[in-house]
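Overview (structure and organization)
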Amino acid sequence: MLQTLSIRDFVIVDKLELEFSPGFTVLTGETGAGKSILIDALSLVLGARGEGGITRAGAEKAEINAVFDIAALPGLQAWLLENEIDLDDAQLLLRRVIYADGRSRAFINGSSATIQQLREIGEFLVDIYSQHAHHALLKSSTQRQVLDTYGSVQALAEEVANAYHVWQALYRKRVDAEKNAEAHAIELAGLRDQVRELAALAPSAEEWEPLQQEHARLSHGASILAGGEACRELMSEGELAALTQLSSVQHKLQELVEYDSGLQEALDILDGAIIQLEEADRFLNRYLQRADLDPERLHEVEGRIQALHAAARKYRSRPEELPELLASWQLRMAELESAHDNSQLQQEEAQARATYDALAQRLSDARQQAALSLGDKISHEMQRLALSGGRFEVALNAQAPAATGNEQVEFLVAGHAGVAPRPLSKVASGGELSRISLAIRVVTAQQGDMPTMIFDEVDVGIGGGVAEVVGQLLKTLGNQRQVLVITHLPQVAAQGSQHLRVSKQLQDGQTLSRIEVLTPAQRVDEVARMLGGMEITETTLQHASEMLAGGA
């Protein structure tokens, strides 16, 4: 539920703070006073695209803040958790800042957010119906959406759409396989030869680096042996071997330490060096004894490297990439073999079609039930809206299987008794369309779970006793959820439990819009203005008081 709305430097509003109540709230004011500014600001904070001229003249930026109570919206709370946005006391703060140069920033509970995230949140919070929304009802897609929402089959409709796309993808795959069977057969034959050749070579992802290292060792075997022996000669085997010389130094230092203990550190270091040198000598000795520098092994390694290089050149790859290349060919072979097996494809396609048919039939059955119920309820509301004898029907016209199901949804209307129902777009005048649209919105809203609904002058073209019925319908809807209505009709305004008035005033040479919550006495004056225009008489005031008393 919308709790507060704060607007600053937006169009002709300098500063505005509003608190909203549950139930039915009406917003009135003279033409041009800026009633739609409230809707525009709320739309922006819910992710609508900003246009030029939003920031008030002379201001650097426009700022809009909206606070919602989301305690009864577990789905939205889950969305916030998924998007790692903090939730504080089941309240949601949305903020939108729009700068004079067109830049825009968005925040959710103080965290920076994207405009797309605001739009996603808006889907949980508010439905806004403008007077232009009547015309959307003339579209087949809108009529189908209204019926599916009323029947609570949106999830099933999405399953049908997904099943249709799976079926069509398999259908196209089968047709493509049939069209390209010859080309696929040629490609498959070539792949089989390549895979056979490369599989026989059996390249391994782990062998290339060790193979190169082994080749370097084997190809320099003579140098390794000669160098190792030379090192041992210098360290321990020769007449002037390093270990012999160092041992002499060690013996001399041992004698000197007896005269000066300060030389002990040098002796300790030398002892460590001799130990390390002896260890190195032993390692070289073991290495030279175990060295496997077989010329035949060198020949084998060189042959393996040459084979890998030859295959890499042939297939325009690097030797270390050959295992991955082989795997990709094997995968492509499996795809082609599967595509070549038309019986397998036909079986998969038939299964997908059966899945679609089953889901689509379930959807058709559910739509049939919803269509009867929706038609009856809207027909009932039409009688109250001065369309006596009128009838509303939802036709389900068979169509070829599609993502939307096996039927097209079409709204049919008979304006009075004895007339066959015809498509809504062909029979409804502007005023009738407004009334029928309102009846549809009221009936379908009772099935939905949107906490806040806003109607922007949806009562255009309605007057007299019908206007009073419209007010009663909206008031009834307000008993179930929060409803905000912008209206010019006193009969509707009198039904509200909260009344906001929009006015314009000139301040320091600038025209500014003001919105105030009316007291009971102010409501009488406002409804009287709506009834009588510029000149308000005692009779008009009395009439306004009676209307408000009747709407209470």
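What comes next is a walk through the structure. Everything quoted here is computed from the prediction, not taken from an experiment.

Quick look at the packing of helix H2 (residues 74–82) against helix H3 (residues 115–125) now. As a packed pair, H2 and H3 sit with axes 9 Å apart at the nearest point and diverge in direction by 160°. When the axis of H2 is compared with that of H3, the two are roughly antiparallel. Crossing handedness for the pair H2 and H3: left-handed. In this structure, H2 contributes Gly75, Leu76, Trp79 and Leu80 to the contact, and H3 contributes Gln117, Glu120, Ile121, Phe124 and Leu125. Broken down by class, the residue content of the contact of H2 with H3 amounts to six nonpolar, two polar and one charged.

If you walk across this open sheet you meet the six strands as E8-E12-E13-E3-E14-E15, and the pairing is mixed. Here the strands that pair on one side only, and so sit at the sheet edges, are strand E8 (126–130) and strand E15 (510–517). Direction aside, neighbouring strands of the sheet carry axes that sit 15° apart on average. Summarising the sheet, strand E14 (residues 498–507) and E15 pair through eight bridges and their orientation is antiparallel.

Here we take up the sheet that holds strand E4 (residues 61–69). The six strands are arranged E2-E1-E4-E5-E6-E7 in an open sheet whose pairing can be described as antiparallel. The open sheet is flanked by strand E2 (13–19) and strand E7 (111–113), the only strands paired with a single partner. Adjacent strand axes in the sheet meet at a mean angle of 15°, parallel and antiparallel pairs treated alike. In this sheet, E4 lies alongside strand E1 (residues 2–10) in antiparallel orientation, the contact comprising six bridges. Bridging across to E4, leucine 2 finds its partner in phenylalanine 68. Contacts from helix H1 (residues 35–45) reach E1, E2, E4 and strand E5 (91–99) within the one sheet, and its direction differs from that of E1 by about 100°.

Counted under the stated rule, the structure contains five aromatic pairs. Both rings, one in tryptophan 167 and one in tyrosine 356, keep their centres 5.4 Å apart while their planes meet at 35°; by these two values the pair is tilted. In this pair, tryptophan 167 sits in helix H6 (residues 154–179) while tyrosine 356 sits in helix H14 (residues 342–384), placing the two residues 189 residues apart along the sequence. With relative accessibility at 9%, the residue tryptophan 167 sits in the buried group. Pairing tyrosine 315 with tryptophan 329 gives two aromatic rings, centres 4.9 Å apart and planes at 80°, and the pair type is edge-to-face. Here the residue tyrosine 315 occupies a position in the loop between helix H12 (295–314) and helix H13 (322–340), and tryptophan 329 occupies one in helix H13, the gap between them amounting to 14 residues. Considered together, tyrosine 315 and tryptophan 329 belong to a single accessibility category, that of buried residues.

In this section: the pattern of salt bridges. Throughout the structure, instances matching the rule amount to 22 salt bridges. Note that arginine 282 is salt-bridged to glutamate 279, the shortest N-O span being 2.9 Å. Here glutamate 279 and arginine 282 lie together in helix H11 (residues 264–290), a separation of three residues that amounts to about one turn. Glutamate 279 sits in the partly exposed class, given a relative accessible area of 39%. Where glutamate 393 meets arginine 391, a salt bridge forms, and the shortest distance between an N and an O atom there is 2.9 Å. Put simply, Arg501, Glu516, Glu526 and Arg529 are held in one network by salt bridges that share partners.

What follows covers H2. Where H2 is concerned, the buried positions are Leu76, Trp79 and Leu80. Projected down its long axis, H2 carries its buried residues within an arc of 100°, all on one side. Within H2, the exposed residues directed more than 90 degrees away from the buried face are Pro74, Leu81 and Glu82. Close packing links the buried residues of H2 with E5, strand E6 (104–108) and H3. Looking at the residues trailing H2, positive phi occurs at glutamate 84, about 55°.

Here is what the cut-offs are and how they apply
Sequence positions are assigned chain by chain, starting from 1 and proceeding in written order. Per-residue local features of the predicted model are confined to residues with pLDDT of at least 70, and side-chain atom pairs are confined, for both listing and counting, to 80 or more; whole-chain, interface and lining totals are unaffected and use all residues. Think of the side-chain values as coming from all heavy atoms in the structure, minus any hydrogens and water. A fitted line through C-alpha atoms represents every axis, and for helices the fit uses only the stretch in contact; the resulting angles, taken between N-to-C directions, go from 0 to 180 degrees. Helix and strand assignments follow DSSP, with helices taken as H or I runs no shorter than four residues and strands as E runs no shorter than two, numbered in order from the N terminus. Roughly parallel means an angle under 35 degrees; roughly antiparallel, over 145; roughly perpendicular, 65 to 115; everything else is oblique. Working rule for handedness: look at the near helix, and if it is turned counterclockwise from the far one by less than a right angle, call the crossing left-handed; if clockwise, right-handed. When checking whether two residues touch, look at their non-hydrogen atoms; a contact exists if any pair is within 4.5 Å. Polar here means any residue other than Ala, Val, Leu, Ile, Met, Phe, Trp, Tyr, Cys and Pro, which are nonpolar, and Asp, Glu, Lys and Arg, which are charged; Gly is therefore polar. Between any two strands, pairing holds if DSSP finds at least two bridges. Within 6.5 Å between ring centres, the rings of Phe, Tyr and Trp (the latter by its six-membered ring) count as paired, and their orientation is classed by plane angle as stacked under 30 degrees, edge-to-face over 60, tilted in between. Accessibility here uses a 1.4 Å probe with only protein chains present; expressed as a share of the type maximum, an area under 20% marks a residue as buried, one over 50% as exposed, and anything in between as partly exposed. Criterion for a salt bridge: a side-chain nitrogen of Lys or Arg within 4 Å of a carboxyl oxygen of Asp or Glu. Throughout, the arc means that of the directions going from the helix axis to the C-beta atoms.

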